[in-house]
Amino acid sequence: AGAGRAVAIAGDLNGDGLADLVTSSEPLSFVLPGRNTPFPAVIPASDIGANQGLGVRIASQPTGPIESLGGGGDVNGDGIDDLILGAPEEEFAGDEENGGAYVVFGTTALDEDVALATLDGDDGFVVRYPFPAFDSRIGEDVDIVGDINGDNIDDLVLGAPYDGLFLYSRGYGHAVFGSDEGFPPQVDLFTNAGDDTFYIVSNDYLTGQGVSALGDVNGDGIDDFAIGTSRGNGYVVFGKGGPFGEFFATFDGVEGFIIEPNGDFPDDISLDRAGDVNGDGLDDIILSARIDGFTGAAYVLYGRPTFDATVDLSNLSPGAGVALVSPPACCASLKATPVAGDFDINADGFADLLIAGARTIPGAGELVEAYVVYGGNALPAQVNLAALDGSDGFTLRTPPAQALTSVDVDGGGDLNGDGLDDLVLGTVLDFGGAQVARRSFVIFGRSPAK
């Protein structure tokens, strides 16, 4: 019961001027519209849906639970934000985990439940391979990444990390350009590559394990995006006002660059848009990795006009970024260390950061321990997350459970109409036996005076 497998503050999907919350479970995802009136302290997922008079439900395919979400952009040019949902386990063309990604168009008439199987191009579309793809898991991660090709329409990126697993063990990222000329019910990847789509390759394992919008990190006026991998490096692709060609692999510092995490065995690289953390007018990047398979590590890399082909996080120059130091073994049980940014929860004018981890409490079980770090123009080179004292950030903890299955986080957007950014923490908690709780926790922003 409940919802929290994946979460997103997904922009304004119904055009009412407030951000909306999306959270997924099996086999349903739920859209909870923002509102100016107070929310109840607890909202059961069973209370959300068109027939219930509160938000809408999105029904996934029988073989494809939703595992990733993205929003905050308008891919069809109608002036209303859209939503993208990733279903990497979905069966298609005889392949049990071919996967797919679904785009649902926002509308001012967002008052009917949605079935992903019936999207017809007018209300949304599906993105997938038109052929069996050896368990590629298309949609492992998804995002709407802003306008990366300079045509004033937002674009989307999705990962297929297991594509080519048996041949190259590398996977791909895929970009699909937005358009105001309409979409077919199904957009086929690799079809019209170079015109409507392109793919991103690297030499690392499971490329496309994570994808994310970054905003404009190099200050050229065009949005950029990132591709994460399972073992290796993170990759940043600069947007440009022109074609990308059929594929992209030019990480030379001019068209993109590589981020090397600190440590001998970096694992599960995840990148996200941090917003302008240090107030210099450029968007920054937040990145997390597991080092040597156990210890969580996170960093902020500040945006700047030029980058080298490779940025080594173990050797950051002064003023280039911040190391966010986790408590010992905070994140060993998580597949990845979720991070989020681009929200200002304390209304001080600087973007803030969210880093989620897990902690084992002897005799009680596991709980989520998430850290909110306030942005500022004088952040130290290293921030100890265990020492946050309320003036520089704070810690969030969930109730303990027997085991923590997954965590997702997102921030940015005003859900309750108070003019302040909010954040959401999604969890799947195992209480033993058949008791699995999927919960989403929303934390409203507040000004320093409060």
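Everything below is about the structure printed above this text.
Residues numbered from 1 in each chain as written. Predicted model: local features only at pLDDT ≥ 70, side-chain atom pairs only at ≥ 80, totals over all residues. Heavy atoms only, no water.

Participant: Explain the overall build of the protein chain here, please?
Facilitator: Counting its secondary structure elements, the protein chain contains zero helices and 32 strands. Out of the 450 residues belonging to the protein chain, those deemed buried represent 58%. Considering only contacts in the protein chain between residues 6 or more positions apart, those separated by 24 or more positions represent 58%. Split by element, the accessible area of the protein chain, about 17,300 Å² in all, is 48% carbon and sulfur. (Helix = DSSP H or I, 4+ residues; strand = E, 2+ residues; numbered from the N terminus. Buried < 20%, exposed > 50% of the residue type's maximum accessible area, 1.4 Å probe, protein only. Contact = heavy atoms within 4.5 Å. Areas by Shrake-Rupley, 256 points an atom, 1.4 Å probe, with all protein chains shown as cover.)

Participant: Honestly, the packing of aromatic side chains in this entry has me stumped. Any pointers?
Facilitator: For any two aromatic rings, the description comes down to two numbers: the centre-to-centre distance and the angle of the planes. A complete count under the given rule lists 19 aromatic pairs for this structure. Taking 6.3 Å as the distance between ring centres and 85 degrees as the angle between the ring planes, the aromatic pair formed by Tyr172 and Phe190 counts as edge-to-face. Of the two residues, Tyr172 sits in strand E12 (residues 172-176) while Phe190 sits in the loop between strand E13 (186-188) and strand E14 (197-200), which places them 18 residues apart along the sequence. Members of the aromatic cluster, each reached through a chain of ring pairs, are Phe177, Phe198, Tyr235, Phe244, Phe248 and Phe251. Against the face of Phe92 rests Arg128, its NZ or CZ located 4.1 Å from the ring centre. Cation over ring: Lys240 sits above Phe244, and NZ or CZ is 4.9 Å from the ring centre. (Phe/Tyr/Trp six-rings, centres within 6.5 Å; stacked < 30°, edge-to-face > 60°. Lys NZ or Arg CZ within 6 Å of the ring centre and 35° of its normal.)

Participant: I would appreciate a short explanation of the nonpolar core in the present structure.
Facilitator: Within the largest apolar cluster, 21 residues are counted, with the highest numbers of intra-cluster contacts made by Phe125, Val127, Leu156 and Leu158. Of all the secondary structure elements, the ones that give two or more residues to this core are strand E7 (100-104), strand E9 (124-128), strand E10 (142-146), strand E11 (155-160) and E12. Of all the elements, E11 adds the most residues to this core, at three residues. In this structure Leu156 touches Val75, Ile84, Val103, Phe125, Asp143, Ile144, Val145, His174, Ala175 and Val176, once residues within four positions along its chain are discounted. (Core = buried A, V, L, I, M, F, W, Y, C linked by side-chain atoms within 4.5 Å.)

Participant: For this particular structure, what's the right way to read the environment of Gly11?
Facilitator: Structurally, Gly11 can be placed in the loop between strand E1 (7-9) and strand E2 (21-24). Under the relative-accessibility criterion, Gly11 is labelled buried at 15%. Sequence separation of Gly11 and Gly34 is 23 residues, and the distance between their C-alpha atoms is 9.7 Å.

Participant: When you look at the pairing of strand E27 (residues 365-373) in this model, what are you seeing that I'm missing?
Facilitator: Consecutive side chains along a regular strand alternate between the two faces of the sheet. For E27, the tally of buried residues reaches nine of nine residues, placing the bulk of the element in the interior. One ladder, built from nine bridges, connects strand E26 (residues 352-361) with E27; its direction is antiparallel. Note that in E27 the partner of Leu354 across the bridge is Val372. Summarising the sheet, E27 and strand E29 (residues 393-397) pair through five bridges and their orientation is antiparallel. The residue of E29 that forms the bridge with Ala370 is Leu396. (Pairing = 2+ DSSP bridges.)

Participant: I'm lost on the sheet that holds E2 in this one. Help?
Facilitator: Backbone-to-backbone hydrogen bonds join strands into a sheet, with any given pair of strands oriented parallel or antiparallel. With mixed pairing, the five strands of this open sheet are ordered in space as E1-E2-E3-E4-E8. One side of each edge strand has no neighbouring strand; the edge strands of this open sheet are E1 and strand E8 (114-115). The sheet contact formed by E1 and E2 spans three bridges and is antiparallel. Across the sheet, residue Val7 finds its bridge partner in E2, namely Thr23.

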